[in-house]
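Below, each chain spelled out in residue letters.
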Amino acid sequence: MTHRDNAGPVCSLKCVTLLVALSPVFLLLGAGVRLQDNGYDGLLIAINPHVPENQNLIPNIKEMITEASFYLFNATKRRVFFRNVQILIPATWKANNYSKVKQESFEKADVIVTDWNGAHGDDPYTLQYRGCGEEGKYIHFTPNFLLRDDLTAGYGPRGRVFVHEWAHLRWGVFDEYNNDRPFYINGQNQLKVTRCSSDITGIFVCENGPCPQENCITNKIFKGGCMFIYNITQNATSSIMFMQSLSSVVEFCNASTHNQEAPNRQNQMCSLRSTWDVITDSTDFGLSFPMNGTELPPPPTFSLVQTGDQVVCLVLDVSSKMAEADRLLQLQQAAEFYLMQVVEIHSSVGIVSFNSKGEIRTYLHQINSIDDRKLLVSYLPTTVSAEAEASVCSGLKKGFEVVEKRNGKAYGSVMILVTGGDDEHISNCFLTALSSGSTVHSIALGSSAVGKLEELSRLTGGLKFYVPDKSSSTSMIDAFSRISSRTGDIFQQSIQLESMGENVEPYHQLKNTVIMDNSMGNDTIFLVTWQTSGPPEIVLFDPIGKKYHTNNFVTNLAFRTASLRVPGTAKPGRWIYTLNNTHHSPQALKMTVASRASSSAEPPATVEAFVERDSTYFPHPVMIYANVRKGFYPIVNATVTAIVEPETGDPVTLKLSDDGAGADVIKNDGIYSKYFFSFATNGRYSLKVHVNYSPSMSANAHSIPGSHAMYVPGYIANGNIQMNAPRNLGRRGEQAQRQGFRRVSSGGSFTVLGFPTRPHPDVFPPCKITDLEAVRREEEVTLSWTAPGEDFDQGQATNYEVRISQSLQSIRDDFTNAILVNTSKLSPQKAGTRELFTFSPSLFTNGPEQQPQGQMQERHRIYVAVRAMDRNSLKSAVSNIAQISLFIPPHSVPELRRDFLILKGVLIAVSLIGIICLIIVATHCTLNKKKSKDERENGIKLL
């Protein structure tokens, strides 16, 4: 790598030209899965460190992906397949000639394999947190699913299951079955099975065996003991998002085979569109065309890479820019906290500083003790230089030199780059950073920090953070706290429990409570930082009343920090701290608390905060997410608060929701969401999330969060019912809801562009209603939905527009011409509130409906949709369509298989013949008895 060339523009042009000329595979480093020439490159499958080593696991994964590649190729009509795949082997497995990991990590994996199945059992599932057509977060498999062949009876071949989940992950389609509503009444008042396509055949089964479908309805509701068992031999070729387990199913439902009436999530989330319509609208299909010929693509190639002990280099800016707004002090405090607490044991750490040139402060030191940590702290910079110039490339060059000294390569290493300078030549070292195999996490200080810094992190798969120049901001420490080893081993990671900062007036105090739950407590640290003068007066009480004072804390006056490391395992319960400002001037006082898991028997609760995309252009909002988990079990009913700090202006606080409305896609899946559009300025914004969970708020979590491949309970084979083993539902995770806890996590940064400097009109409409439901009660219909806001999911809308139709297509394609329902008595409530509205459909639907062919047909079903309007007449998109049957007869029109009807007729005929025979025999016996009796009586008379 070379230093920054003084002929910057010329060198930049050369670098850009070289980048364009590089091979496609090289350009894909750190970029995730990419589609090129019909083949997917860069699919990453990661095995969790706590999965025991098994010699069959890797071959089974390879077999699954190979089978999936050919199945996907045919299902997409010769468009896409898997070309190369990486499998990330954990460091806990024995070395076996695996390649050295580069920029791959467990946190960036598209597919994860882990034992922490929680409530999901062995269900393969995809965590989808965005809407229709949007990519998901990851596919989850358990080792059981990959190793036990008996599970394929219920789920189908593993390759087919993978394609089902891949469609969730890559193309944002949803399941076409519904375990909660397996049956429904269609527009012709017939009992139907929730399926796609409707050509898939089977029979109704009650508690005692096969039964007519009318036996599954009692008092106009479905009986709980009923199920529909499918024939194992079918003629239907779709759909993969319904039953990929059937051998005949090789396609996705398209416009001609899609069942629009089925009450499934695909219809709800995708406005009744078929899965194939959504898939073909994806970017992948815009970039690919069917391959010519009849040959199959080559099988995928696999690369096995293994993680090792973490290697980190801190690359720290010491230019004169770092003297502004106490930036160097904040850097010292955060870096000390990282070295003393966050970075894991056995990690190797080096330190580099830079201004116009880079300087190695220390080569790699492995952390095996507290003394090793203290030694590294002593190498942190203590002063800034007089130079204002900051050459990021010079700093990175020295950083790579530090990590390459060990074995000649920077593969798998991590650079934590902190800068407040503006370096217009940073793109000169993109090429070197990409080829290094190192991941670059960037922390930008102040608004003057280099603009292309985030691009460097994106290209190498790193995190990016922004720290505003505010004395009370904790963003710097939060950023360092977020940078863990990213191996997936949360038992070794430091988890942040508290992050609080305030400007405290003289002789005032900062006071709060920290919850230490049972799953935490090892290696617990309380860190106090201040801005000027001496330390505050510190008072800390543990849950049993033991008092810690200032003199119990280890003080570093140079860095203005005081820390207390709790010996052993910290006691669970409430820890109360007070920071008293005893000085004559205001103080920016901060408290940070972090801890590690108390044991490996129970995973701790964690929170991962993130945004939908790195940048947005006004007026598009930013979608904020917080994934709250205990292991992989979702935590519901927590109070989740996001704090967004702009470059200038006050922080904005948002309460995130997990109610399945607004920005939130699925209710009670542990992913909390909210739209953010309260922009103050163009530029960077910093995100942090607080989670507060109280057991008094506990409720049952969604039993199966995410989108799943359907588990089939059994089949009809050769006329016989063959049931599969009961589905493993796993643990219910009650432990996750017994204890309260608090967590804090940085969500990195994002950038806002195009925000107008002058006042602008309202451009934010209410958000789309996605959870509209309809229930019939006597002669009335009650609608329910979650209220949207004046602006997206915040505030209060002005009114609702409710329309109904007796035609599903009409209300979907022409909402404004559907029948308008009087809603004059319906006043919108605050966003997030459950709305209820009751009306009588007979006022609008009396009489038969005219059909397109001129025929008259009696209709017993209506379709309802809603949209909201704000005070400026901005309208939301039309909601999902709810449907309701106005009449359910005691015996619906049968929908049985022909062979079952024949069997039923034969049984009835045989029964009638048997009854007739019994009557004849009984009559004959009666006549014989009477004749014998008469003969005896006559004999007596003769005597």
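Going along each chain's sequence as written, the residues are numbered from 1 onward. The model is predicted, so local features are restricted to residues of pLDDT at least 70 and side-chain atom pairs to those at 80 or more, both for listing and for counting; the totals for chains, interfaces and linings are taken over all residues. Only hydrogens and water are removed before side-chain values are computed, so all heavy atoms of the structure are retained for them.

Peer 1: Could you give an account of the sheet that holds strand β47 (residues 834-839), naming the residues involved and the relevant values?
Peer 2: Only when DSSP finds a minimum of two bridges between them are two strands counted as paired. Elements are defined by DSSP. Helices are runs of H or I of four residues or more, strands are runs of E of two residues or more, and each kind is numbered from the N terminus. Read from one edge of the open sheet, three strands run β43-β44-β47, paired in antiparallel fashion. Edge strands, defined here as strands with exactly one partner in the open sheet, are β43 (773-777) and β47. When strand polarity is set aside, the average angle formed by the axes of neighbouring strands in this sheet is 20 degrees. To get an axis, fit a line to the C-alpha atoms, keeping to the stretch in contact for a helix; angles then go from 0 to 180 degrees between the N-to-C directions.

Peer 1: Talk me through the packing of aromatic side chains; I want residue IDs and the actual numbers.
Peer 2: Two aromatic rings from Phe, Tyr or Trp, using only the six-membered ring of Trp, form a pair when their centres are within 6.5 Å; if the ring planes differ by under 30 degrees the pair is stacked, by over 60 it is edge-to-face, and anything between is tilted. Inspection of every chain in the model, using the stated rule, returns 41 aromatic pairs. Ring geometry for Y338 versus F480: centroids 5.6 Å apart, planes at 55 degrees, classification tilted. With a gap of 142 residues between them, Y338 in helix α11 (residues 327-342) and F480 in helix α16 (residues 475-482) connect regions that are remote in the sequence. Y338 gets classed as buried once you look at its relative accessible area, which sits at 0%. Think of it in three bands: with a 1.4 Å probe and only protein chains considered, a residue is buried below 20% of the maximum accessible area for its type, exposed above 50%, and partly exposed in between.

Peer 1: Just give me the short version of the pattern of salt bridges, but keep the residues and values in it.
Peer 2: The rule for a salt bridge is simple: a side-chain nitrogen of Lys or Arg has to be within 4 Å of a carboxyl oxygen of Asp or Glu. One pass over the structure, following the stated rule, counts 31 salt bridges. E251 is the salt-bridge partner of K77, the closest N and O atoms lying 3.9 Å from each other. In this pair, K77 sits in the loop between α3 (57-75) and β3 (81-89) while E251 sits in the loop between α7 (240-243) and α8 (265-269), placing the two residues 174 residues apart along the sequence. Of the residues examined, K77 reaches a relative accessible area of 39% and is grouped as partly exposed. A salt bridge links E324 to K321, with the nearest nitrogen and oxygen atoms 3.9 Å apart. Overall, K321 belongs to the partly exposed group, its relative accessible area being 26%.

Peer 1: Go over the environment of G358, please, and point to the residues and values.
Peer 2: Mapped onto the secondary structure, G358 falls in strand β18 (residues 358-366). Assessed through its relative accessible area of 17%, G358 is described here as buried. When the C-alpha atoms of G358 and K397 are compared, they prove to be 7.5 Å apart, with 39 residues separating the residues in sequence. Whether two residues touch is decided by their heavy atoms; if any such pair falls within 4.5 Å, the residues are in contact. Those residues in contact with G358 that lie beyond four places of it in its chain are S353, S394 and K398.

Peer 1: I'd like a description of the state of the cysteines, backed by residues and values.
Peer 2: What counts as a disulfide here is a pair of cysteine sulfur atoms lying within 2.5 Å. Going through the model one piece at a time under the given rule, you end up with three disulfides. A disulfide bridge connects C132 with C270, and the sulfur atoms are separated by 2.1 Å. Judged by the sign of its S-S torsion, about 105 degrees, the bond between C132 and C270 is right-handed. Here C132 is found in the loop between β6 (125-127) and β7 (138-141), whereas its partner C270 is found in the loop between α8 and α9 (275-280), with 138 residues between them in sequence. According to the relative accessible area criterion, C132 is partly exposed, its value standing at 25%.

Peer 1: Please set out the side chain of S484 residue by residue, giving values where relevant.
Peer 2: Within the secondary structure, S484 is located in the loop between α16 and β22 (495-504). Classification of S484 as buried rests on a relative accessible area of 9%. Beyond its immediate sequence surroundings of up to four residues, S484 is in contact with E107, Q310, E344 and Q493.

Peer 1: If you had to explain helix α12 (residues 370-378) to someone new, which residues and values would you point to?
Peer 2: Given 3.6 residues per turn, any residue in an α-helix points the same way as the ones three and four places further on. Among the residues making up α12, those that are buried are R373, L376 and V377. Buried residues of α12, seen end-on, are gathered within an arc of 105 degrees and therefore sit on one face of the element. Opposite the buried face of α12, at more than 90 degrees from it, the exposed residues are D371 and S378. Each element contacted by the buried residues of α12 is listed here: α11, β17 (348-354) and β18. This arc is taken over the directions from the axis of the helix to the C-beta atoms.

Peer 1: Talk me through the side chain of D489; I want residue IDs and the actual numbers.
Peer 2: For D489, the location among the structural elements is in the loop between α16 and β22. We note that D489 is buried and unpaired, the nearest opposite charge coming from R596 at a distance of 9.4 Å. Contact partners of D489, with chain neighbours within four places excluded, come to P49 and H50. His is not counted, nor are the chain ends, whereas Lys and Arg count as positive and Asp and Glu as negative.

Peer 1: Residues and numbers for the environment of L146, please.
Peer 2: Checked against the element boundaries, L146 lands in helix α4 (residues 143-147). L146 sits 33 residues away from V113 along the chain, and the two C-alpha atoms are 8.9 Å apart. Dropping the residues within four chain positions of it, L146 is found in contact with L57, N60, I61, M64, V113, F141 and R158.

Peer 1: Could you give an account of the sheet that holds strand β30 (residues 587-597), naming the residues involved and the relevant values?
Peer 2: Across the sheet, five strands lie side by side as β22-β30-β24-β28-β27; this open sheet has antiparallel pairing. With partners counted over all chains shown, the strands left at the sheet margins are β22 and β27 (554-556), one partner each. Averaged over all adjacent pairs, the angle separating strand axes in this sheet is 15 degrees, with direction ignored. Of the strand pairs in this sheet, strand β24 (residues 520-529) and strand β28 (residues 561-569) are connected by seven bridges, and their pairing is antiparallel.

Peer 1: Explain the confidence of the model for the protein to me, using residue names and the numbers behind them.
Peer 2: On a range of 0 to 100, pLDDT expresses the predictor's confidence in each residue. Looking at the protein as a whole, its pLDDT mean stands at 87, while 85% of the residues score no less than 70. When the criterion is pLDDT under 50, residues 847-858 qualifies, and its contacts beyond four places in sequence or with other chains add up to 14 contacts. Counting contacts from residues 889-910, a segment whose pLDDT is below 50, to residues more than four positions away or on other chains yields 30 contacts.

Peer 1: Give a detailed account of the packing of α11 against α16, specifying residues and quantitative values.
Peer 2: At a closest axis distance of 9 Å, the pairing of α11 and α16 adopts a crossing angle of 30 degrees. With respect to α16, the element α11 is oriented roughly parallel. Of the two elements, α11 crosses α16, and the hand of that crossing is right-handed. Along its contact with α11, which presents Q330, L331, A334, A335, F337, Y338 and V342, the element α16 presents M476, I477, F480 and S481. Under the convention adopted here, Pro, Cys and the residues Ala, Val, Leu, Ile, Met, Phe, Trp and Tyr are nonpolar, Asp, Glu, Lys and Arg are charged, and Gly plus all remaining residues are polar. Taken together, the residues of the contact of α11 with α16 break down into nine nonpolar, two polar and no charged. When describing relative orientation, an angle under 35 degrees is termed roughly parallel and one over 145 degrees roughly antiparallel, while 65 to 115 degrees is termed roughly perpendicular and anything else oblique. In this scheme, a crossing is called left-handed if the near helix is turned counterclockwise away from the far one by less than a right angle; it is called right-handed if the turn is clockwise.

Peer 1: Any chance you could break down the pairing of strand β15 (residues 301-306) for me, citing the residues and the numbers?
Peer 2: Along a regular strand, successive side chains alternate from one face of the sheet to the other. The pairing of β3 with β15 spans six bridges and is parallel. Bridged to I87 within β15 is L304.

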